[in-house]
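Analysis of the macromolecular model
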Amino acid sequence: MYPHQSLACALTLFTLNIPTVFSQYNPNCAFFVQYTGGYLVSERVDPLLSPGTASNHVHSIAGGSGFKANMTFQDTQDSTCTTAQVTQDLSNYWMPVLYFHNNGKFYKVPEAKNRKIYYKYGNGDCSADTSRSEFPQGFRMITGSAIQREQNDTMMGTAGNQMQWSCHDGASNPTATGFPTGFQSCNANYVGGLAASMRFPSCWNGNDFDIENPLAHMAFPTNADGMAGCPAPFNKARFPEIFIEYYFNTSSFDHFTKDYSDPNNPPWVLSDGDPTGFSMHMDFVNGWKPGTLKKAMGTCAIADAGSDAIQRTGLASDTCFGVASGGVDGFQSSDTTDKCTIGQVVSPNEDIGLSGTALGALPGCNPIQSSQPATIHPPSSCGAATKVEGGSAPAPVGSESAATYNTATSAAATTAPSSIVGSSIVPATQTVATSPTSSPPTSPSEGPTVSSSSSPAGSASGGSPSSVSVKGTSGSSETWTYQGCYTDLTPDRNTRSLANWGNGQSSTDCANNCFAAGYSISGTENGAQCFCGKTMTSTTKVDDSECDTACKGDSKEMCGGGSRLSVYAKSGTTLTKRTSHLHRHVARLAGSF
């Protein structure tokens, strides 16, 4: 999934948004905690980094039942239940699962039903920071990295800052950033005593989540209250700090002899093949009912009551999410949240060890790797399933003008401001790099060449034109023909089939913009994304029915689908190469899960 040739560059990108040690603002004063019951579903799915396809490794997903392999904010709002105590929180949270490794076999470690999700917004004097913004509709973020295999204070902070593992053994209670060592049991008077905890960054630069650079839009705060704690350009908004404690019930493995000194036979391994614990990571997709979180941040400070019943009473109070604060009745006990589940979407359903079965390998091609950094292996490299069923199209990317999200924040410029439009965060229009107005010849390759004949190479499904007339900036024009439906970002999501972002929310507009920018091929994806290039790489032609998403700019045309491109090209263009050394998504090293 990652281009390992570019590790140094990618790791540098990952450490750009560096936190500092807390001294003034206090996240441990004004906050609330909600317990979640069991998981919603556990499988190889990640809507952020692998939308529409099976992800590299297994995750445990909590939150609203609207979760899908591709999802929008509206999908969260369509949830019919949630594993969260607060019924207005229809967000989704996910993280890798834990396996016990013994004699070459892997056993999924049960998750304890006391996962805790904290929302923190305290100032240094323990008052609530009322300047915090609630998450906008469509907001998404990641914390941690699947390739990390060693301590990195700059990236993680010391234990207890960004990430921490804890063993509640009733004695020394060892704690470390990676897996703690020197214990045999983590269950002394405490079910699920091996715990991972992580905090998410809370300072936003106003941009949408970028699959090519997953961490670029967020930063951890410095040591000051309010917006002063968010360094430019990450001072468009400061959100509540999400902190999650994720518990595993390891008691069923206490009778095994565990040798922590042998790196080749570690007792605990994360689902991404990590025997060190340093690769723990977590994802968040906002699904809060608009307005409810903002209201609660001013008055809700019930902390952790230590009891499900007391916690539920506190969350249901009028100072938190009760009716007087715009909430609704129906705050849930863990018995209720446990009943919220959905079925797997990876097709065919694969055995990830839910029934206690011994697996000969970790699902999704994840060999044990303890060296830094780890290499991500695409699921297809070992024949693992890559297809998913169900799921809506990702939130569309549009071209609306930039707007300030939080008028109370600093007006410092950001690199690519965004608008909050409807149910998604919409990046401002991206322009293609300047190129000659006439398309230069493509390099020789072994792929098909577009004929100069008037007959199109294919017929677009859903009413899309079989050819379009395009015009360059100099006034020149020509006809581009429809080439068919092609895969994109598969199987390893490492290389785009077309390497350059373009403009346009229909296949006709995209082709015109690509031609004007000097390219000879255009492709539309997910209803509104436009890509340009001079040749296609790492792609396969598929049936037209797989490009079934109507264009946002013209519903009579089709604009690809999830990881599918509706492709047009000028006459004489060689479409594809069999091999490619283009690895432009180096930033995915920072958190593709």
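Residues numbered from 1 in each chain as written. Predicted model: local features only at pLDDT ≥ 70, side-chain atom pairs only at ≥ 80, totals over all residues. Heavy atoms only, no water.

The subject of this paragraph is the overall build of the protein chain. In terms of regular secondary structure, the protein chain is built from 7 helices and 28 strands. The buried share among the 593 residues of the protein chain stands at 58%. For the protein chain, the proportion of contacts with a sequence separation of at least 24, taken over those separated by at least 6, is 76%. (Helix = DSSP H or I, 4+ residues; strand = E, 2+ residues; numbered from the N terminus. Buried < 20%, exposed > 50% of the residue type's maximum accessible area, 1.4 Å probe, protein only. Contact = heavy atoms within 4.5 Å.)

Another point: the packing of aromatic side chains. In this description, a pair of aromatic rings is defined by centroid distance and the angle of the planes. Under the defined criterion, the tally for this structure stands at 25 aromatic pairs. Residues Y93 and F284 carry aromatic rings whose centres are separated by 5.4 Å and whose planes lie at 40° to one another, so their mutual orientation is tilted. Residue Y93 is located in strand β4 (residues 92–96), and its partner F284 is located in strand β17 (residues 281–285); the two are separated by 191 residues in the primary sequence. Side by side, Y93 and F284 carry an identical accessibility label, which is buried. For the pair F135 and F239, a centre-to-centre distance of 4.8 Å together with 45° between the ring planes defines the contact as tilted. A residue pair is termed long-range when its members are at least 10 positions apart, and F135 in the loop between β7 (115–120) and β8 (140–144) and F239 in the loop between β14 (237–238) and β15 (241–248) qualify at 104 residues. Here F135 matches F239 in class, with each residue buried. Members of the aromatic cluster, joined through ring pairs, are Y93, F135, F139, W204, F239 and F284. One residue, K120, lies across the ring of F31, its end atom 5.8 Å from the ring centre. (Phe/Tyr/Trp six-rings, centres within 6.5 Å; stacked < 30°, edge-to-face > 60°. Lys NZ or Arg CZ within 6 Å of the ring centre and 35° of its normal.)

In total, this model carries 8 disulfides according to the counting rule given. One disulfide bridge connects C365 with C382, the sulfur atoms lying 1.9 Å from each other. The chirality of the disulfide connecting C365 with C382 is left-handed, given an S-S dihedral of about -95°. Of this pair, C365 sits in the loop between β18 (346–347) and β19 (387–388) while C382 is found in the loop between β18 and β19, placing the two residues 17 residues apart along the sequence. Take C365: its relative accessible area is 7%, and that puts it in the buried class. (Disulfide = S-S within 2.5 Å.)

Relative to the helices and strands, D89 resides in the loop between α2 (73–77) and β4. Of the side chains with opposite charge, K289 lies nearest to the buried D89, which makes no salt bridge, at 10 Å. Separated by 2.8 Å, the side chains of D89 and Q34 make a polar contact. If we skip the residues at most four places from it in the chain, D89 touches Q34, T82, A84, Y119, G287 and W288. (Lys, Arg positive; Asp, Glu negative; His and termini not counted. Salt bridge = Lys/Arg side-chain N within 4 Å of Asp/Glu carboxyl O. Polar contact = N/O pair within 3.5 Å; in protein donor to acceptor, adjacent residues only side chain to side chain.)

Moving on, we come to the sheet that holds strand β10 (residues 175–176). Strand order in the open sheet made by the 6 strands is β1-β7-β15-β11-β9-β10, with antiparallel pairing throughout. Unpaired on one side and paired on the other, β1 (31–36) and β10 mark the two borders of the sheet. When strand β11 (residues 194–199) meets β15, the two strands line up antiparallel, connected through 6 bridges. Paired with S197 across the bridge in β15 is E245. (Pairing = 2+ DSSP bridges.)

So, on to unusual backbone geometry. Of the consecutive residues A232 and P233, the connecting peptide bond is found in the cis state with omega at 5°. Tracing the backbone through its elements, the reader meets P233 in the loop between β13 (218–219) and β14. Of the consecutive residues Q372 and P373, the connecting peptide bond is found in the cis state with omega at -10°. Counting through the fold element by element, P373 comes out in the loop between β18 and β19. Of note in this structure, N103 is not a glycine but carries a positive phi near 55°. Turning to its location among the elements, N103 is positioned in the loop between β5 (98–102) and β6 (105–108). Given the relative accessible area of 66%, N103 is considered exposed. The phi dihedral of C365 falls on the positive side, at around 65°, and the residue is not glycine.

Walk down a regular strand and you will see the side chains alternate between the two sheet faces. When you tally the buried positions in strand β9 (residues 163–167), you get 5 out of 5 residues, the bulk of the element. Bridge count for β9 against β10 is 2 bridges, and the pairing is antiparallel. Residue pairing for β10: S166 is matched across the bridge by T175.

For the rest of this paragraph, the subject is the nonpolar core. Across soluble globular proteins, nonpolar side chains have a tendency to be buried as a group. F32, Y119, F135, I242, M280, F284 and F321 are the most contacted members of the largest nonpolar core, which has 54 residues in total. At 4 residues, β15 tops the list of elements feeding residues into this core. For M280, the residues in contact, after removing those within four places along its chain, are M95, P96, G144, S145, M163, W165, A196, M198, Y246 and L270. L40, V45, L48 and F67 belong to the second-largest nonpolar core, a separate cluster that totals 21 residues. (Core = buried A, V, L, I, M, F, W, Y, C linked by side-chain atoms within 4.5 Å.)

The 3 strands lie next to each other as β6-β5-β16, forming an open sheet whose pairing is antiparallel. Where the open sheet ends on each side, the last strands, each with one partner, are β6 and β16 (268–270). Each strand axis lies, on average, 40° off the axis of its neighbour in the sheet, ignoring direction. Of the pairings in the sheet, the one linking β5 to β6 comprises 4 bridges and is antiparallel in character. Following the sheet pairing, N102 is matched in β6 by K105. (Axes fitted to C-alpha atoms, helices over the stretch in contact; angles between N-to-C directions.)

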